[in-house]
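A look at the structure
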Amino acid sequence: MRHLMFSLAITGAAVATLSAPGVQASDDLADVCPNPIRMADTGIEGMGPLKEAFGPFADAFKETTGLTLEMFSLSNRTAAGTALQYDDVELVFAGPSEFVLFDRDSDIEILFAIERPHYGSSFYVPADSDIESLADLKGKRVALKDTGSTSGHIFPSQMMVDAGLDIKRDVEVIMAGDARIAALVNGDVAAMGGGNRDIEEIEEMDPDGDYRVIASSDVLPGDPVVMRGSLDSDCKTALRETLEDNSDVLWEALVATERNEDKFLNRDSSLGFDRTAADYEVIKRAYEAAGIEL
């Protein structure tokens, strides 16, 4: 009975989209994809915040694919991985670190990624500091962001390791979270490792101060939307093609909310459809180099 009801729901969606002007290929997606299609976000907890952040995107998604995008609330990234593994969701909006974790435990693919040209890690020191390189951090206190943060913890850790430092013995790492900027400005630490855009917060907190960047990483792969491995291959292909064909409309809808505008649009981001699992190997290597377990 459940399968019959599900089939009827899909047929109804297909008929409705055939009559809607301007919608392309949505009947094909209804034929090959689950409807509704469920999506979670590892950075948002609770149905209210999810709907508030992704309401316009869900509307644009339905208009372009004919599929209802149903938000699925999760408590953490472990729950998201489990949901993907056991087919509780079709899509998860994840971070680079979450992608590596999910890719280890289940067969997933990337639908699209949020490409951020400024997404990477940098180390900051006061301009009058005698620290010129990461090697000079030996014996110093260094503030990092939150544990597990890709740009604020994992990559700064790898950068110090690559510079020849033992991050457990040679430096005193302070996981300062949101207080990392104040720790640097107040002189509580000799240096701070964080995102490339943290310089804006430093200048905002200390407009009369002067700071230098002593090291920066390459641009990191952006936040991916992943598809569960057991999703039908025809559905995966149809989703990629349809979303890429309508990327401008979907991007405008995604950044139409205050939360997403601040997180994505204000960082010169865009939708990218060329990312593969191989692009995220750099994240995996960073965990390994820093001796941090996923």
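The preceding data block contains the structure.
Below: a short report on this structure. (Residues numbered from 1 in each chain as written. Predicted model: local features only at pLDDT ≥ 70, side-chain atom pairs only at ≥ 80, totals over all residues. Heavy atoms only, no water.)

This brings us to the sheet that holds strand 11 (residues 270–272). Sheet strands associate in pairs through backbone hydrogen bonding, adopting either a parallel or an antiparallel arrangement. Taken together, the six strands give an open sheet; going across it, the order is 2-1-3-10-4-11, and neighbouring strands pair in mixed fashion. Only two strands of the sheet have a single partner each, and these edge strands are strand 2 (69–71) and strand 11. Between one strand axis and the next, the sheet turns through 25° on average, direction left out of account. Inspection of the sheet shows strand 4 (residues 108–115) paired to strand 11 by three bridges, in the antiparallel sense. Bridging from a neighbouring strand, E115 pairs with S270 of strand 11. (Pairing = 2+ DSSP bridges. Helix = DSSP H or I, 4+ residues; strand = E, 2+ residues; numbered from the N terminus. Axes fitted to C-alpha atoms, helices over the stretch in contact; angles between N-to-C directions.)

Phi is mostly negative for residues that are not glycine, and the peptide bonds are mostly trans. In this chain, N35 is followed by P36 through a cis amide linkage whose omega measures 10°. Its place among the elements puts P36 in the loop between helix 2 (26–32) and strand 1 (37–41). Although it is not a glycine, D87 adopts a positive phi angle of roughly 65°. Along the chain, D87 turns up in the loop between helix 4 (77–85) and strand 3 (91–93). D87 gets classed as partly exposed once you look at its relative accessible area, which sits at 32%. (Buried < 20%, exposed > 50% of the residue type's maximum accessible area, 1.4 Å probe, protein only.)

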